[in-house]
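# Architecture and fold: a report
As a plain string of letters, each chain reads:
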Amino acid sequence: MEDSQSGRTNFLKKLVFKIIPPDRWRVPVLITFGIFFGLGFYIVYISNAASYLSDNPKTCVNCHVMTPQYATWERGSHGKVATCNDCHVPQDNLIRKYWFKANDGLRHATYFTMRWEPQVIRIKQAGKDAVQENCIRCHSNLIHPVALRAINNRNVQDQTEKYCWDCHRETPHGRVHSLSSTPHAIVPQLKPVVPEWLEKITN
Amino acid sequence: FASSIVERRGESFTLQQVKPIAEWEPRNEVWGENYPRQFETYMNTRDTSFASKHGGSATIDYLEKYPELVILWAGFGFSRDYKQGRGHAYAIKDTRNSLRTGGEKQSTQPATCWTCKSTDVPRVMNSKGVAGYYSGTWKNTGHDFVNPIGCQDCHDPKTMHLRITRPALVEAFERQGKKMSDFSHNEMRSLVCAQCHVEYYFDSKKVEGAKYLVFPWDNGFTAEDMEKYYDDIEFSDWTHSLSKAPMLKAQHPEYEMFKTGIHAKRGVSCADCHMPYKTEGGVKFTDHHIQSPLANIENSCMVCHREKTENLIRDVVETQDKLEENRKIAEKALAKAHIEAKAAWDNGATEAEMKPILKLIRHSQWRWDYVAATNGLGFHAPVEAFRVLGTSIQKAEEARRELALLLTKKGVKYPIAFPDISTKDKAQKFIGLKMEELKADKKNLINNVFPEWDKKAKERQGSLQQY
Amino acid sequence: FASSIVERRGESFTLQQVKPIAEWEPRNEVWGENYPRQFETYMNTRDTSFASKHGGSATIDYLEKYPELVILWAGFGFSRDYKQGRGHAYAIKDTRNSLRTGGEKQSTQPATCWTCKSTDVPRVMNSKGVAGYYSGTWKNTGHDFVNPIGCQDCHDPKTMHLRITRPALVEAFERQGKKMSDFSHNEMRSLVCAQCHVEYYFDSKKVEGAKYLVFPWDNGFTAEDMEKYYDDIEFSDWTHSLSKAPMLKAQHPEYEMFKTGIHAKRGVSCADCHMPYKTEGGVKFTDHHIQSPLANIENSCMVCHREKTENLIRDVVETQDKLEENRKIAEKALAKAHIEAKAAWDNGATEAEMKPILKLIRHSQWRWDYVAATNGLGFHAPVEAFRVLGTSIQKAEEARRELALLLTKKGVKYPIAFPDISTKDKAQKFIGLKMEELKADKKNLINNVFPEWDKKAKERQGSLQQY
Ligand SMILES: [Ca+2]
Ligand SMILES: [Ca+2]
């Protein structure tokens with residue numbers, strides 16, 4: 001049903017070989033990288049990326065492109081019981097958790113800044129795996145009755161065929177997904193990131 | 001780079017009119033000054049590069065693709081020329097150039113034909129009155145209609161609210177006891193399309209001298225409901241030149257068909273698929289590049305269906321392929337029935353003998369056309385399309401059985417010899433169309449008359465956008 | 001909390017069985033001691049109270065509802081008795097009581113008929129060998145099959161994993177180059193059903209003296225693919241007693257049809273709709289009360305479709321009503337074709353004249369049956385069902401055209417007089433069935449033979465559950 005991950009490691013290997021530049025290019029490449037990282041840190045600062053490390057869902061709506069998900073989550077039953085990160089970030093150990101977050105956070109920030117986001121954002125494979133694990137983590141009592149372990153444990157580990165939300169299609173973000181899917185939703189106001197003095201000068 | 005994040009936070013959602021729009025303003029480019037995003041995307045309907053398996057904006061010459069159609073429409077304008085519709089911006093151009101609207105010498109269409117082609121229609125209706133508008137001829141009024149389908153047709157210039165500008169729709173609902181104000185905002189997102197993408201006929205009796213545009217919905221929206229409506233008033237669009245059957249022509253009953261499908265039942269509107277929302281720079285707007293949604297699966301279907309693009313395309317095309325298979329079965333049977341009916345007449349069949357057969361042909365072809373004329377080749381409501389087609393096949397074959405008996409009775413050897421109608425040209429020659437003459441006459445119209453229309457129009461409105 | 005996933009992954013995959021289950025254990029109640037929830041819900045398949053518009057567990061006598069079927073199956077067992085399937089727990093009872101399995105004197109069915117009815121099948125196959133199992137007669141082996149469809153058919157007694165126990169399915173896939181282990185867990189949730197809910201025929205040539213069960217899928221799963229398969233091997237289930245056509249019988253191709261539908265393409269399995277999860281006491285388990293999902297919309301459909309119950313029912317029933325409309329068109333045409341073919345024979349038609357006509361009838365009825373025999377009346381794959389039905393209608397009517405010509409040629413007045421077949425009784429009388437005799441013979445079987453079967457079985461297995 002879903003895109004497979006095979007060939008990914010192969011692809012990474014090839015990428016590494018491709019990325020290492022020929023000798024005479026190394027200096028310009030290094031400089032370019034420097035600029036990139038510098039700017040990168042600036043983005044991290046200005047986009048409130050530090051807040052990304054917290055578990056407060058409000059930090060997600062720092063980016064208005066996350067509004068539909070926030071709005072649908074907040075008004076659903078999970079709005080009362082689970083934060084975004086309860087579902088979207090691995091919860092089994094701290095290293096994995098923050099590695100995952102950093103990875104995602106930087107990619108999201110880059111996409112957002114570059115306006116690369118598609119009209120309909122779709123969850124990636126790594127994200128799916130994380131979410132699925134989390135559904136199971138909370139609802140294990142419903143799907144792991146002791147007597148049924150044989151069937152469901154196998155099912156759980158081999159989750160490439162069926163995700164919880166293949167059946168529970170409305171949980172938690174609803175059926176309709178798009179940047180425009182909750183046009184007038186009332187969500188927490190964003191904190192200004194432009195310092196007051198700059199605000200005064202520019203206005 | 002970084003500042004763009006800051007900037008994007010300030011993006012706002014308000015609508016503002018820079019320049020107020022005059023009440024009857026037909027020029028899309030003038031509306032466009034206020035709404036550049038909508039105008040820009042609207043102008044993209046001029047792009048004719050997209051072709052899907054069965055649709056798209058690239059021209060499909062249906063008579064070439066399905067030559068039987070020429071036989072089915074013998075004696076009627078559609079046998080000369082019938083193409084898959086293109087973008088709204090081409091509405092004027094395509095109507096002018098179609099051989100259905102005739103040439104300089106021979107042109108028989110009424111002004112009513114303009115109704116679904118131009119933003120000038122509301123303006124002219126306002127000045128001449130509705131019946132007055134319906135009374136002219138297509139050719140004499142051509143100078144009045146130069147702005148293709150656009151903003152004026154669907155929007156109120158003050159508030160930009162969706163509104164209905166074509167009386168035929170309002171009147172059809174009124175006869176059913178419904179007011180336009182009964183409909184929800186979501187329904188309006190389909191009803192603006194239902195002004196045009198519907199079955200219609202011209203009523204010559206309603207107002208003396210006028211070809212009044214009427215939607216035949218008094219009994220309901222199904223093929224059978226409309227068939228009964230037409231039978232009851234003994235209406236026919238033309239008499240078939242081979243079989244002499246009193247025929248009906250179905251035209252693009254997209255709205256009627258769509259209503260019976262699962263998408264409509266789930267509250268999906270035409271605009272959801274054909275005009276999906278887009279968010280650009282934090283501003284949400286409606287994509288006015290109305291076209292096949294297969295050109296834009298990511299924004300249209302995927303909003304609701306989290307599937308791979310190729311799967312969604314496959315689903316549509318599979319349904320269409322299957323529909324086409326059964327459609328062709330009906331088409332071929334009907335073409336033979338018309339030709340056999342001609343043979344029966346030629347061999348002395350009587351009115352009384354032919355009457356029940358011609359009724360079967362009329363009904364079969366109407367039902368086939370209800371399906372075939374609906375754009376989307378069945379996708380809008382697969383179950384209903386197939387159901388109606390099944391009844392069409394049965395009636396066509398029943399007609400052929402009766403014809404076989406009648407022909408044998410008249411001493412004709414059965415099966416009779418069929419002409420070669422494997423291409424559009426051959427089929428048109430067989431039914432006696434003089435295509436060269438028609439094309440030459442059209443050329444004169446294009447060269448001698450259209451420039452005058454455009455000149456007059458430019459004088460009237462001050463500017464003339466090229467589409 | 002966080003560590004729980006890691007931890008649980010280490011848990012062993014073995015099942016805690018209160019009482020280990022023997023390898024060939026056919027008794028559901030014994031399995032049930034370990035899995036009370038599944039057993040309890042399984043036993044609910046004895047409930048016959050639910051009736052939907054076209055399905056449900058309450059008995060529908062199809063021959064009463066559609067009397068044309070009697071004509072369509074003249075000369076074949078189905079013309080005596082054909083009912084809508086009931087719950088799995090009735091599989092033995094209904095097979096025993098059906099007039100298709102005959103009576104004490106006259107009973108012609110092979111042991112192969114037991115294949116899809118009993119958990120005893122794997123046990124007997126193991127002891128007699130597959131071909132040995134297929135070689136007995138239904139009546140002589142009756143004592144061996146007393147436990148209706150159940151756990152043994154779908155589950156491995158050690159691990160409770162889903163598994164395939166019927167060789168016909170495995171062999172069919174092997175001929176296509178597929179192994180059962182190629183299929184995913186999700187596909188297994190449909191494949192366990194595909195052991196029985198599929199088209200089949202008995203191959204008498206494969207093993208001398210055996211009626212070998214074969215699924216005719218070598219060319220593919222569509223009606224046309226199987227038609228070609230049967231034509232190529234010149235197979236027919238029987239020769240029609242009126243038309244003398246070499247006929248095919250389609251039986252419940254649910255799996256084949258389902259595969260062409262949108263639900264299958266989206267990865268939905270039979271079990272999703274017919275065995276949805278149920279929650280009870282904080283435990284989610286599979287509801288083994290297999291039945292019409294319309295009895296249980298809340299758990300089956302609504303998990304995926306957040307719609308009102310009545311809307312979902314309406315959607316199903318509307319599709320079914322429409323399919324029934326076209327199905328009846330084909331049915332009536334076919335009934336007439338058979339009767340007209342008889343008239344043609346009666347009036348001196350020759351083999352050569354009849355051959356092409358009989359082929360049309362064979363193909364038309366096969367296609368009609370492919371759709372009609374599929375439970376769910378089209379819902380499982382509406383588009384495919386309608387497509388196939390459309391081709392069936394065309395062929396039936398073509399056959400009737402040829403028959404009309406032939407009859408006139410033979411000097412018979414057309415249309416011929418048709419008998420009154422408006423009820424099952426009248427239709428059965430017309431085709432010459434002596435129903436009283438058949439029923440009396442069945443009564444003897446019930447009274448004299450079944451008690452012996454049950455006695456033998458009880459001795460063999462120690463206990464006998466009443467269903
Ligand atoms: Ca019409
Ligand atoms: Ca069969």
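What counts and what doesn't
- Residues numbered from 1 in each chain as written.
- Chains lettered and ligands numbered in written order.
- Predicted model: local features only at pLDDT ≥ 70, side-chain atom pairs only at ≥ 80, totals over all residues.
- Heavy atoms only, no water.
- Helix = DSSP H or I, 4+ residues; strand = E, 2+ residues; numbered from the N terminus.
- Rg over C-alpha atoms; globule rule 2.2 N^0.38 Å.
- Buried < 20%, exposed > 50% of the residue type's maximum accessible area, 1.4 Å probe, protein only.
- Donors = N, O, S within 2.8 Å, 3.2 Å for Na, K, Ca; no water.
- Contact = heavy atoms within 4.5 Å.
- Phe/Tyr/Trp six-rings, centres within 6.5 Å; stacked < 30°, edge-to-face > 60°.
- Lys NZ or Arg CZ within 6 Å of the ring centre and 35° of its normal.
- Salt bridge = Lys/Arg side-chain N within 4 Å of Asp/Glu carboxyl O.
- Least-squares fit on C-alpha atoms with pLDDT ≥ 70 in both.
- Pairing = 2+ DSSP bridges.
- Disulfide = S-S within 2.5 Å.
- Expected span 1.5 Å × (residues − 1).
- Buried area = accessible area lost by both parts, 1.4 Å probe.
- Polar contact = N/O pair within 3.5 Å; in protein donor to acceptor, adjacent residues only side chain to side chain.
- Nonpolar A, V, L, I, M, F, W, Y, C, P; charged D, E, K, R; others polar.
- Axes fitted to C-alpha atoms, helices over the stretch in contact; angles between N-to-C directions.
- Parallel < 35°, antiparallel > 145°, perpendicular 65-115°, else oblique.
- Left-handed = near helix turned anticlockwise from the far one by under 90°.
- pLDDT = per-residue confidence, 0-100.

Attention shifts here to the overall build of chain B. Scanning chain B for helices and strands turns up 20 helices and 6 strands. At 24 Å, chain B has a C-alpha radius of gyration in line with the 23 Å of a compact globule built from 467 residues. With the C-alpha coordinates of chain B rotated into their principal frame, the extents come out at 90 × 50 × 45 Å. Taking all 467 residues of chain B together, 57% fall into the buried category.

So, on to the overall build of chain A. Along the backbone of chain A there are 10 helices and 0 strands. Start at the N end of chain A and walk to the C end: the helices and strands fall as α-α-α-α-α-α-α-α-α-α. For chain A, with 203 residues in total, the buried portion stands at 35%.

Residue and element names in this part refer to chain C. Looking at the metal site, the calcium ion (ligand 2) is ligated by Glu199 (OE), Glu199 (OE), Tyr200 (O), Lys249 (O) and Gln251 (OE1), spaced 2.3 to 2.9 Å from it. All donor residues of the calcium ion (ligand 2) come from one chain, and their arrangement in sequence is E-Y-x48-K-x1-Q. Residue glutamate 199 is located in the loop between helix H11 (185-191) and strand E1 (201-203), and its partner lysine 249 is located in the loop between strand E4 (246-247) and helix H13 (254-259); the two are separated by 50 residues in the primary sequence.

Moving on, we get to the coordination of the calcium ion (ligand 1). All names here are of chain B. Within the protein, the calcium ion (ligand 1) binds to Glu199 (OE), Glu199 (OE), Tyr200 (O), Lys249 (O) and Gln251 (OE1); these donor distances fall in the range 2.2 to 2.9 Å. Counting the intervening residues between successive donors of the calcium ion (ligand 1) yields the motif E-Y-x48-K-x1-Q. Here glutamate 199, found in the loop between helix H11 (185-194) and strand E1 (201-203), pairs with glutamine 251, found in the loop between strand E4 (246-247) and helix H13 (254-259); they are 52 residues apart in sequence, far enough to count as distant. Accessibility expressed as a relative area gives 0% for glutamate 199, which makes it buried.

With that out of the way, let us pick up the environment of phenylalanine 430 of chain C. Checked against the element boundaries, phenylalanine 430 of chain C lands in helix H20 (residues 424-430). Those residues within four positions of phenylalanine 430 of chain C in sequence are excluded, and the remaining contacts are Ile71, Leu242, Ile339, Pro419 and Ile421 of chain C.

To continue, consider the packing of aromatic side chains. Summed over all chains, the structure comprises 65 aromatic pairs over all chains. The rings of Tyr62, Tyr66, Trp73, Phe76, Phe78, Tyr82, Trp238 and Trp368 of chain B are connected pair by pair, giving a single aromatic cluster. Note that arginine 107 of chain A overlies the ring of tyrosine 111 of chain A, its terminal NZ or CZ placed 6.0 Å from the centroid. A cation over an aromatic ring shows up here: lysine 336 of chain C above the ring of phenylalanine 418 of chain C, its NZ or CZ 5.1 Å from the ring centre.

All chains considered together, the criterion is met by 74 salt bridges over all chains. Across the pair aspartate 315 of chain B and arginine 266 of chain C runs a salt bridge, and its minimum N-O distance is 2.8 Å. Residue aspartate 315 of chain B is located in helix H16 (residues 309-346), and its partner arginine 266 of chain C is located in the loop between helix H14 (262-265) and helix H15 (270-274); the two belong to separate chains. Of the two residues, aspartate 315 of chain B and arginine 266 of chain C, both sit in the buried class. Its salt-bridge partner being arginine 37 of chain C, residue glutamate 280 of chain C comes within 3.5 Å of it at the nearest N-O pair. Pair noted here: glutamate 280 of chain C is in strand E5 (residues 277-280) and arginine 37 of chain C is in helix H3 (residues 36-43), with a separation of 243 residues, a long-range link. Residue arginine 37 of chain C is classed as partly exposed on the basis of its relative accessible area of 31%. Here the residues in one salt-bridge network are Glu224, Glu227, Arg367, Glu384 and Arg387 of chain B together with Lys322 and Glu325 of chain C, joined through shared partners.

Attention now moves to the relation of the copies chain C and chain B. Put simply, the second copy of the chain is the first one after a rotation about an axis and a shift along it. Between chain C and chain B, the superposition needs a rotation of 180° and an axial shift of 0.0 Å, giving an RMSD of 0.2 Å. Put plainly, the chains are arranged around a two-fold axis. Looking at the rotation axis and the C-alpha trace of chain C, the residue lying nearest is arginine 401 of chain C, at 2.3 Å. Here 100% of the interface residues in chain C have copies in chain B that are interface residues too; the copies meet face to matching face.

Let us now look at the pairing of strand E6 (residues 283-286) of chain C. All names here are of chain C. The alternating pattern of E6 places Val283 and Phe285 and Lys284 and Thr286 on opposite faces, both of which are buried. Summarising the sheet, E5 and E6 pair through 4 bridges and their orientation is antiparallel. Bridged to glutamate 280 within E6 is valine 283. Following E5, the chain reverses through 2 residues before pairing antiparallel with E6; glycine 281 in that reversal takes a positive phi of roughly 55°.

With that out of the way, let us pick up the state of the cysteines. In total, this model carries 0 disulfides over all chains according to the counting rule given. In this structure cysteine 154 of chain B is not part of a disulfide, and its nearest cysteine sulfur, from cysteine 193 of chain B, lies 6.8 Å away. Residue cysteine 154 of chain B is classed as partly exposed on the basis of its relative accessible area of 22%. Considering cysteine sulfurs only, cysteine 116 of chain C is the nearest to cysteine 196 of chain C, which forms no disulfide, with 3.6 Å between them. Overall, cysteine 196 of chain C belongs to the partly exposed group, its relative accessible area being 21%.

In this section: H16 of chain B. The first and last C-alpha atoms of H16 of chain B sit 55 Å apart over 38 residues, in line with the 56 Å expected at 1.5 Å per residue. Just downstream of H16 of chain B lies glycine 348 of chain B, where phi reads positive at about 90°.

Another aspect to go through is the interface of chain C and chain B. Counting residues at the interface gives 31 residues for chain C and 32 residues for chain B. Looking at the side of chain C facing chain B, the largest losses of area belong to Arg266, Val383 and Arg401 of chain C, adding up to 21% of the total buried there. Between chain C and chain B we count 14 salt bridges in total. Here glutamate 397 of chain B and arginine 401 of chain C are joined by a salt bridge, their closest N and O atoms 2.9 Å apart. For the pair chain C and chain B, the number of links is 16 residue pairs in polar contact (both at pLDDT 80 or more). Sorting the residues of the side of chain C that touches chain B by element identifies H14, helix H17 (309-346) and helix H19 (382-409) of chain C as the ones contributing at least two each. Per-element accounting of the side of chain C that touches chain B gives the leading share, 15 residues, to H19 of chain C. Class assignment for the residues of the side of chain C that touches chain B results in 10 nonpolar, 7 polar and 14 charged.

Here we take up the packing of H17 of chain C against helix H18 (residues 351-372) of chain C. Residue and element names in this part refer to chain C. Relative orientation of the contacting elements H17 and H18 amounts to 155°, with a least axis distance of 10 Å. By the angle between their axes, H17 is roughly antiparallel relative to H18. Both H17 and H18 take part in a crossing whose hand is left-handed. Contacts between H17 and H18 pair Leu323, Arg327, Ala330, Glu331, Leu334, Ala337, His338, Ala341, Ala344 and Trp345 from the former with Glu351, Met354, Leu358, Ile361, Ser364, Gln365, Trp368, Val371 and Ala372 from the latter. Across the contact of H17 with H18, the residue classes break down as 13 nonpolar, 3 polar and 3 charged.

We now examine the confidence of the model for chain B. If pLDDT is low for a region, its predicted coordinates should not be looked at in detail. Residues and elements named next belong to chain B. Looking at chain B, pLDDT values average 95 and 97% of them are 70 or higher. Note on residues 1-14: pLDDT under 50 across the span, and 32 contacts to partners over four residues away in sequence or across chains. This complex was scored by the predictor with a pTM of 0.91 and an ipTM of 0.88.

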